[in-house]
Amino acid sequence: MKVDLHTHTSASDGALSPQQLVQQAGALGIDLLSITDHDTTEAYNRLETANSSSTILIPGIEFSTEWKKVGIHIVGLKIQLGSDAIRSGVSRQHQARQTRARLIAEKLAKLGIENSWDAVNIIAAGSVIGRPHFAQFLIESGVVRDMNQAFDKYLGAGKAGDVKQFWTPFAQIIQWIRDAGGIAVLAHPHKYKMTRTKLSALLDDFSGAGGEAMEVISGQQTMDVTRNLVTLCQHKKLLASCGSDFHRPGQPWSQLGKVASLPPGCKTVWESWA
Ligand code: AMP
Ligand code: MN
Ligand code: MN
Ligand code: MN
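Described below are features of the structure shown in this document. (Residues numbered from 1 in each chain as written. Chains lettered and ligands numbered in written order. Predicted model: local features only at pLDDT ≥ 70, side-chain atom pairs only at ≥ 80, totals over all residues. Heavy atoms only, no water.)

**So, the coordination of the manganese ion (ligand 3)**
For the manganese ion (ligand 3), the full set of protein donor atoms is Glu 62 (OE), His 73 (ND1) and His 188 (NE2), at a range of 2.1 to 2.2 Å. Look at where the donors of the manganese ion (ligand 3) fall in the sequence and you get E-x10-H-x114-H. The distance between the manganese ion (ligand 3) and the manganese ion (ligand 2) is 5.8 Å. Of the two residues, Glu 62 is situated in strand E4 (residues 60-67) and His 188 in the loop between strand E6 (183-186) and helix H8 (196-208); the sequence distance between them amounts to 126 residues. (Donors = N, O, S within 2.8 Å, 3.2 Å for Na, K, Ca; no water. Helix = DSSP H or I, 4+ residues; strand = E, 2+ residues; numbered from the N terminus.)

Spelled out as structure tokens, the structure:
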């Protein structure tokens, strides 16, 4: 089974159109694919035709939220796209993104970087605004040289662009996913750079609120990370998911469909659907 349950398209901050992504997944022989764009399910509206390959598409989304002042992401899998819960959830997250973007622009202005609001709206061209749009503005205006520097200096954790207070609370997001008939998956736990104790506490709160799964594999990761996450997944009695977090070609750490197999001993989300 070739499985990739975490990918992005041009409906959020990915480079490929939904159609291109599904086509590439088919060509790569991916059996199970989910498009999990940031706070939007628009990719599913943009798919032109039913795909002719044997790839099964699982409706998904990646919601942004926070837990104890850490920005975290929760993937919803096998959600009913037209459900009231997803519709109202997406609309609330879009409002949060607008308010957040205004505040980021104000904070950048205080640092002497003017006019980012107008520029970012042009760059986003009608899509919901994310930090990658601010990064592109900072690069184009010569303030930084690349994406990494944009996040290091202005947008990443602890910097001006790190605004989390507008996101819907964690437990509410899990409830939307459940109300839409889906499974809530804690995305890329290793990325939060938490101590094991803190991650364990996050997972307890997550399952307490109705979260059922965690990503045991996210893109390229070391064996050590995998071992730790497998153990946590088993201890917390969660289902295991996996995904590349693919955004664009040319990023070796997150290539479409390039996801290590889950070690035996983890019950997978797709087994729970069978
Ligand atoms: P947002 O959804 O607006 O919070 O923006 C977060 C997105 O920015 C992530 O999903 C990544 O795609 C991207 N991102 C985060 N950190 C970095 C980084 N250090 N370099 C490049 N892109 C990043
Ligand atoms: Mn992204
Ligand atoms: Mn994420
Ligand atoms: Mn992602």
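So that's the structure; there's more coming.
**Some words on the sheet that holds strand E8 (residues 239-243)**
Overall, mixed pairing links the five strands, which are arranged E4-E5-E6-E7-E8 in an open sheet. At either margin of the open sheet sits one strand with a lone partner, and together these are E4 and E8. Across this sheet, the average inter-strand angle for adjacent strands is 35°, counted without regard to direction. Examined bridge by bridge, E4 and strand E5 (residues 70-77) share eight bridges and lie antiparallel to one another. When the sheet's bridge partners are listed, Ile 61 is paired in E5 with Gly 76. Against the sheet, helix H7 (residues 170-179) makes contact with E4, E5 and E6, and its axis sits at roughly 160° relative to E4, the strand it touches most. (Pairing = 2+ DSSP bridges. Axes fitted to C-alpha atoms, helices over the stretch in contact; angles between N-to-C directions. Contact = heavy atoms within 4.5 Å.)

**Let's talk about the packing of aromatic side chains**
Under the criterion given, the structure shown has two aromatic pairs. Taken together, a centroid distance of 6.3 Å and an interplanar angle of 55° make the contact between Phe 170 and Phe 206 tilted. With Phe 170 in helix H7 and Phe 206 in helix H8, this residue pair connects regions lying 36 residues apart in the sequence. Assessed through its relative accessible area of 0%, Phe 206 is described here as buried. (Phe/Tyr/Trp six-rings, centres within 6.5 Å; stacked < 30°, edge-to-face > 60°. Buried < 20%, exposed > 50% of the residue type's maximum accessible area, 1.4 Å probe, protein only.)

**Details of the coordination of the manganese ion (ligand 2)**
Asp 13 (OD), His 38 (NE2) and His 247 (NE2) make up the full set of protein donors to the manganese ion (ligand 2), lying at 2.1 to 2.2 Å. With a relative accessible area of 19%, Asp 13 lands in the buried category.

**Regarding the pattern of salt bridges**
All chains considered together, the criterion is met by eight salt bridges. Ionic pairing is found between Glu 42 and Arg 46, a salt bridge with its closest N-O pair at 3.2 Å. Taken together, the positions of Glu 42 and Arg 46, both in helix H2 (residues 42-46) and four residues apart, correspond to about one turn of that helix. The salt bridge involving Glu 212 is made with Arg 178; its shortest N-O contact spans 3.8 Å. One end of the pair, Glu 212, is in the loop between H8 and strand E7 (213-218); the other, Arg 178, is in helix H7, and 34 residues separate them in sequence. Note on Glu 212: relative accessible area 31%, which makes it partly exposed. (Salt bridge = Lys/Arg side-chain N within 4 Å of Asp/Glu carboxyl O.)

**A closer look at the site of ligand 1**
Near ligand 1 the following residues occur: Asp 13, His 38, Arg 97, Arg 100, Gly 130, Arg 131, Pro 132, Asn 148, Phe 151 and His 247. Between His 38 and ligand 1, the recorded distance is 2.9 Å, taken from a side-chain N or O atom to an oxygen atom. Residue Arg 131 places a main-chain N or O atom 2.7 Å away from an oxygen atom belonging to ligand 1. Against a free-state accessible area of 500 Å², the protein chains account for coverage of 74% of ligand 1. Among the elements of the structure, helix H3 (84-110), helix H5 (131-140) and helix H6 (147-155) are those that each provide at least two residues to the shell around ligand 1. A class-by-class count of the residues in the shell around ligand 1 yields two nonpolar, four polar and four charged. (Near = heavy atom within 4 Å. Polar contact = N/O pair within 3.5 Å; in protein donor to acceptor, adjacent residues only side chain to side chain. Areas by Shrake-Rupley, 256 points an atom, 1.4 Å probe, with all protein chains shown as cover. Nonpolar A, V, L, I, M, F, W, Y, C, P; charged D, E, K, R; others polar.)

**Observations regarding the sheet that holds strand E3 (residues 56-57)**
Note on sheets: strands pair through backbone hydrogen bonds, and any given pair is parallel or antiparallel. Taken together, the three strands give an open sheet; going across it, the order is E1-E2-E3, and neighbouring strands pair in parallel fashion. Whereas interior strands pair on both sides, the edge strands pair on one side only; in this sheet they are strand E1 (3-7) and E3. Contacts between helix H1 (residues 18-27) and the sheet are confined to E1, strand E2 (32-35) and E3, with E2 contributing the most and set at about 165° to the helix.

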